[in-house]
Amino acid sequence: MVEHKARPQLFLKGGKEKSVYRRHPWIFSGAVQKIVGEPAEGDLVDVYDSQHQYLATGHYQPESIIVKILRFGNPAIDADFWRERIVSALEYRKTLHLWNNTETNVFRLIHSEGDGLSGLIADYYNGVLVLQAHSEGMHRAFDELVPLFQELMGKNLVAVYDKSGATLPHPVGTDHYCLGNVDGAWEIKEYGNRYLIRFPEAQKTGFFIDQRENRRLLSHFCRGKRVLNTFGYTGGFSVAALQGGASYVETVDISKKAIQQCEENVALNFPDAPHRGVTEDVLPYLTRLDQPFDVMVLDPPAFAKNHRSLQQGLKAYRHINQQALEKINPGGLLFTFSCSQAVSKEDFRTMLFTAAANAHRQVRMVSPLTQAADHPVSIYHPEGEYLKGWLLYVE
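Residues numbered from 1 in each chain as written. Predicted model: local features only at pLDDT ≥ 70, side-chain atom pairs only at ≥ 80, totals over all residues. Heavy atoms only, no water.

**Some words on the overall build of the protein chain**
When its secondary structure is counted, the protein chain shows 10 helices and 20 strands. Here the C-alpha radius of gyration of the protein chain, 23 Å, is about what a compact globule of 395 residues would show, namely 21 Å. A principal-axis box enclosing the C-alpha atoms of the protein chain has dimensions of 70 × 50 × 35 Å. Looking at the protein chain residue by residue over its 395 residues, the buried ones come to 53%. Counting only contacts in the protein chain whose residues sit at least 6 apart along the sequence, the fraction spanning at least 24 positions is 63%. Only carbon and sulfur atoms are counted for the fraction: they give 50% of the accessible area of the protein chain, which is about 17200 Å². If you average the places of the 42 positive and of the 45 negative side-chain charges in the protein chain, the two averages end up 5 Å apart. (Helix = DSSP H or I, 4+ residues; strand = E, 2+ residues; numbered from the N terminus. Rg over C-alpha atoms; globule rule 2.2 N^0.38 Å. Buried < 20%, exposed > 50% of the residue type's maximum accessible area, 1.4 Å probe, protein only. Contact = heavy atoms within 4.5 Å. Areas by Shrake-Rupley, 256 points an atom, 1.4 Å probe, with all protein chains shown as cover. Lys, Arg positive; Asp, Glu negative; His and termini not counted. Charge placed at Lys NZ, Arg CZ, Asp CG, Glu CD.)

**Quick look at the pattern of salt bridges**
In the structure shown here, the tally under the stated rule is 18 salt bridges. Where Glu280 meets Arg288, a salt bridge forms, and the shortest distance between an N and an O atom there is 2.6 Å. Among the charged side chains, a salt-bridge network with shared partners connects Arg212, Glu213 and Asp374. (Salt bridge = Lys/Arg side-chain N within 4 Å of Asp/Glu carboxyl O.)

**Observations regarding the sheet that holds strand 14 (residues 226-230)**
With respect to topology, seven strands assemble into an open sheet ordered 16-15-14-17-18-20-19, the strand pairing being mixed. For this open sheet the edge positions go to strand 16 (275-279) and strand 19 (363-370), each flanked by a neighbour on one side alone. When strand polarity is set aside, the average angle formed by the axes of neighbouring strands in this sheet is 15°. Inspection of the sheet shows strand 15 (residues 248-253) paired to strand 16 by five bridges, in the parallel sense. (Pairing = 2+ DSSP bridges. Axes fitted to C-alpha atoms, helices over the stretch in contact; angles between N-to-C directions.)

Printed below as a string of structure tokens:
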């Protein structure tokens, strides 16, 4: 038996080690037989099976997911470990041709479990790295991680912004710069389109990077089309539609500030664009919609934030999709999404079947849609595929 006395030890119930052998990075509280020591939230703990054989090391948190595993079969969580993980993530993004790309200078550098760093999101915005911790342990590691990012990214890194205030279970103070500083709006590019990001006030880390390839796909279908972008936020799909030659684009979002920023982004790229921003709740907007649109985008927030709210969330997804399917022009295309991790691909597809049947429309399922490749999914952690969607053709 391998003992590591310096850390608290967590022992699993008999049979519960199977998920660890399958390299799943989460341990649930119900699998724990006993804890030796008194770990505080964020402490590193060593995990053992019921026969006291060492299995893994990860961050402890007194929640349903009680350990987020960082490393299997080796207890060393040191500078070499962090360096290896960051280098691996960088090499992967270079393989995707996202590093030093002059047309697209925004991408996800670290995607939590998908990059072997459970609890950490790191998004790159044209020199600014925005960090977001989803565990106390990972947030504590920022003091070690920031110098490593600075060393490994060199001149490509001008500032690091900690945007973890809303993602940790306990308040950690205000979001702030860990390195450098940028004032006001920061410009990025995605497939040549320009966008302005204001990190302190933005949702998520600043931009919905995961939709990059879906925006690109949308642009190919918009020439001469009337396009409706709902839950449009700061206009990513709207700008992509105009890039693709849309004859008219309308963006709807309940946030007045988001619509203002959308209009700013549209003007930055297409000063005389046929675009209109609408500040309104999407559900009543769709209900009373009487204008014809050829292409529609439904990219709502997570209606089902957990399994307890799954049925209520599916009902909301069904309602907005039915409304869109009823209103879209014959021969129209619907890009529809769910970012709710609790909603499976099967749940989403069944919901779309019901919405189409209720709308009495003939619908072809053209292509499934998912997150961009810089949001990788570990084969051992299928839960990482949180974004699911479909491109539908509606007769």
